[in-house]
Each structure stands twice: as C-alpha cells, then as structure tokens.
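Residue-level structural notes
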Amino acid sequence: MNRDKTVSAIRMRLRAVGCPFANDSSLLSKQTIVNMVSWLEDQCIRLYDISDREALRKNDRDWNKAFEKYLYELNCPCLGAQYN
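Below you will find a few notes about this structure. (Residues numbered from 1 in each chain as written. Predicted model: local features only at pLDDT ≥ 70, side-chain atom pairs only at ≥ 80, totals over all residues. Heavy atoms only, no water.)

Now for helix 1 (residues 3–16). In this model, helix 1 (14 residues) spans 20 Å end to end at C-alpha, consistent with the 20 Å of a helix rising 1.5 Å per residue. Buried residues of helix 1: Val 7, Ala 9, Arg 11 and Leu 14, and no others. Buried residues along helix 1 sit in contact with helix 2 (30–45). For helix 1, the side-chain oxygen to backbone nitrogen distance between the N-cap and Asp 4 is 3.1 Å, and the N-cap itself is Asn 2. Within two residues after helix 1, Gly 18 carries a phi angle of roughly 80 degrees, on the positive side. (Helix = DSSP H or I, 4+ residues; strand = E, 2+ residues; numbered from the N terminus. Expected span 1.5 Å × (residues − 1). Buried < 20%, exposed > 50% of the residue type's maximum accessible area, 1.4 Å probe, protein only. Contact = heavy atoms within 4.5 Å. Polar contact = N/O pair within 3.5 Å; in protein donor to acceptor, adjacent residues only side chain to side chain.)

With that settled, the discussion passes to the side chain of Thr 32. If you trace the backbone, Thr 32 turns up in helix 2. Residue Thr 32 is classed as buried on the basis of its relative accessible area of 4%. Every residue in contact with Thr 32, bar those within four places of it in the chain, is listed here: Phe 21, Asp 24, Ser 26 and Leu 27.

Encoded structure:
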C-alpha cells in the first residue's frame, strides 16, 4: 500500500470514531500523533486510569518510550518482547 492510500485509510478510521484530528494536514507529524494517541486513549480505548495517561500527552523525549510501553500493554503485535 502506498503512503497516500495508507493516510487515506487512517483518516477514514479516525473519522469513523469521531477523532477531531482526522483531517489535520500534518496527520503524520509527531505532535498530531501525540494528540491522536491521547484522544484515542481518552475517548475510545481507556486502558489507563486518567492519572496514568500523562506520559502519552507530552510531546517530549520520553514519549516514544511511553508509547512503546503503551502498545505493549495493548498487546500490539508490532512490538518485540522488549518489555517482558
């Protein structure tokens, strides 16, 4: 799948759940991804307690590590066994 089709597919899924960032022109920018992850966790997924979501809200140097841990806890198949 090429990049345009991938972005269109992502936008379609985000619109389906009502994500306010679905139409951002910079959909794949780091800040938009941070915003989308935070919104999806707050509104749809709700794996973490509200107080535990802070690391996913901050676009800082530790965000990638927090996001990888979050994906692991969601049992996302794209990650290795680094948190076992």
